[in-house]
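# Summary of the model geometry
One letter stands for each residue in the lines below.
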Amino acid sequence: MSPRSDLTRLSLSEARTLLRERRLAPRELVEAHIEAMAALRRLNAFITETPERALQMAAESEERLRRGEARPLEGLPIAVKDLFCTAGVRTTAASRILENFVPPYESTVTRKLWEAGAVLLGKTNLDEFAMGSANVTSHFGPVTNPWTLPADPRPRVPGGSSGGSAAAVAAGLCLGATGTDTGGSIRQPASFCGIVGLKPTYGRCSRFGIVAFASSLDQAGPMARSVADCALLLEAMAGFDPHDSTSGDVPVEPWSQRLEEGVRGLRIGLPREYRVAGMPEEIETLWLRGARWLEEQGAEVREISLPHTRYALPTYYIIAPAEASSNLARYDGMRFGLRVEGKDLTDTYERTRGEGFGKEVRRRILIGTYALSAGYYDAYYLKALKVRRRIREDFEAAFGEVDAILTPTAPSPAFRQGEKEDDPVAMYLNDVFTVPASLAGLPAISVPAGLSREELPLGLQVIGRAWDETTVLRVARALEQAAGGPWIPHLLREAS
Ligand code: GLN
């Protein structure tokens, strides 16, 4: 097979078939991706590239394929968000405080991926500690969206926090990637980069070995160029893990085999409250078009109400920083990570944390510490927990009437680097459609559904019942089929 650029445009499923039929060698596939990564370093999608390890893993896959012992993802090169601990491979969380941290152990999700035969190309860039919506807070610099318009000199953001993974998948630097989603960090960058991103049900993928941001919300998930590829990756990533006390003991299903079941007879809800003020017309049009596509394929679409939606963002921005302030207390320069010597213990703590954490992370620690402090705990944190319960109950009531919910993924297409950076609230507003499902722990996917007037990708979100990834993926597949595609970024169109 050649030329090599064709190899980096294959879907994971196509590459899998070619490898199994021995029409393509794992080494050839991996080398094509290593070359693509080198050619597009200006995107800054990777913090650490691991070409030697990739070639070594490809050699093992070669051997397995030869012996007819291929595992489900045998020889398929993927990228891993640099928030998953990888034994022997630096894991930074895009923070200065972990700049030189090499974990002695492997996260459960990545271990499962390697056990399924996947090949590690490298660790992708992200917002520092996964806090952000634009991939601009990384200590290693911002990531550029491959959809940056040729006529517009200012680069577009890939979304965040899994922006490196999204950009790498969209630009053909890997066949798929892992992301994590606390309030939208898989779905929003997927929407901005024109790819598919799935946040599974909370507890579906183990959090063991993932650098913690907000433990009651963090969830790992797959990012890829098709719904089928996400399903394949999820089959390898998901499953009960005794090392994570919130991991769900729920069977992993053969999602990739159930995608074509269609949407006939499914009831789809459009939440009235998601028609937010100031939403661009093209987003609303896309949303209604998506609803029509599902109707045309036999689904029944109806309006529903999620009355507490408008409290979701403020609730999230109390709970997430509160948990972050507690989780990030471990970075004190004593056991691992950066240590800046001070004149005494307290001074060492202060200098280490002051110099190790970036501005957004420090802001979140301050907000979280405030919300948890005596006197404010009841007024903010406890109140937020109560509202979170209401939000979850809204969804429970809605799922009495419908089988899945359709919404836009983000209120805008990818914006320019530098925009919204001085205004944290404007940045937080990006999460308006993704945060409610996170607070309720529900599975939700973003699928590319069309292009904006400026020709930037726009995604639609499908939210499902807890543990019902099957329906979420089926609906997503129906949308994907109706939307057409393929979705090739400007950058790659220029190159070919
Ligand atoms: N943008 C949201 C935040 O900054 C979500 C991030 C995430 O999901 N990790 O918190």
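What this report covers is the structure whose coordinates are included nearby. As the structure is a prediction and not an experimental result, all values here were calculated from the model.

## A short note on the overall build of the protein chain
Per the secondary structure count, the protein chain includes 17 helices and 11 strands. Relative to the compact-globule value of 23 Å for 496 residues, the protein chain shows a C-alpha radius of gyration of 21 Å, a close match. On the principal axes, the C-alpha backbone points of the protein chain span a range of 65 × 55 × 50 Å. Burial statistics for the protein chain: of 496 residues in total, 61% are counted as buried. The contacts of the protein chain with a sequence gap of at least 6 include a subset with a gap of at least 24, amounting to 77%. Accessible surface for the protein chain amounts to roughly 18,400 Å². Of this, 51% is attributable to carbon and sulfur atoms. With 59 positive and 63 negative side-chain charges, the protein chain shows a spacing of 1 Å between the two charge centroids.

## Here we look at the environment of Ile-367
As for its position among the elements, Ile-367 is in helix H12 (residues 359-372). A relative accessible area of 32% places Ile-367 in the partly exposed class. For the pair Ile-367 and Ser-325, spaced 42 residues apart in the sequence, the C-alpha separation amounts to 8.1 Å. Ignoring sequence-local partners within four residues, the contact set of Ile-367 consists of Tyr-317 and Pro-321.

## With respect to the side chain of Arg-364
Mapping Arg-364 onto the fold places it in helix H12. Owing to a relative accessible area of 2%, Arg-364 belongs among the buried residues under this scheme. For Arg-364, the contacting residues outside a window of four places in its chain are Met-131, Gly-132, Phe-213, Tyr-317, Pro-321 and Tyr-428.

## Considering the site of the ligand
If you check the shell around the ligand, you find 15 residues, and the closest are Thr-182, Gly-183, Ser-185, Tyr-316 and Arg-364. Between Gly-184 and the ligand, the recorded distance is 3.2 Å, taken from a backbone N or O atom to an oxygen atom. Relative to its free-state accessible area of 290 Å², the ligand is covered by the protein chains to the extent of 100%. The residue makeup of the shell around the ligand, split by class, is five nonpolar, seven polar and three charged.

Calculation rules
- Throughout this description, residue numbers start from 1 for each chain and increase along the sequence as written.
- For a predicted model such as this one, the threshold for reporting local features is a pLDDT of at least 70, and the threshold for listing and counting side-chain atom pairs is 80 or more; totals across whole chains, interfaces and linings nevertheless cover every residue.
- The basis for every side-chain value is the complete set of heavy atoms in the structure, and neither hydrogens nor water enter the calculation.
- By definition, any uninterrupted DSSP run of H or I lasting at least four residues is a helix, any uninterrupted run of E lasting at least two residues is a strand, and each is numbered from the N terminus.
- Within these notes, the globule rule equals 2.2 Å times the number of residues to the 0.38 power, and the radius of gyration is based on C-alpha atoms.
- Partly exposed describes any residue whose relative accessible area lies between the buried limit of under 20% and the exposed limit of over 50%, with all areas from a 1.4 Å probe on protein chains only and scaled to the type maximum.
- A contact between two residues is defined here by any heavy atoms of the two lying within 4.5 Å.
- Note on areas: these come from Shrake-Rupley sampling with a 1.4 Å probe, and a residue is covered only by the protein chains present in the view.
- By the counting scheme adopted, Arg and Lys are positive, Glu and Asp are negative, and His together with the chain ends is not counted.
- Positions of charges follow a simple convention, taking NZ of Lys, CZ of Arg, CG of Asp or CD of Glu.
- To be near a molecule or strand, a residue needs just one of its heavy atoms within 4 Å of it.
- Definition of a polar contact: a pair of N or O atoms within 3.5 Å, with one able to donate and the other able to accept a hydrogen when the atoms are protein atoms, and with sequence-neighbouring residues admitted only if both atoms are side-chain atoms.
- Any residue that is not Ala, Val, Leu, Ile, Met, Phe, Trp, Tyr, Cys, Pro, Asp, Glu, Lys or Arg is counted as polar, Gly included; the first ten are nonpolar and the last four charged.

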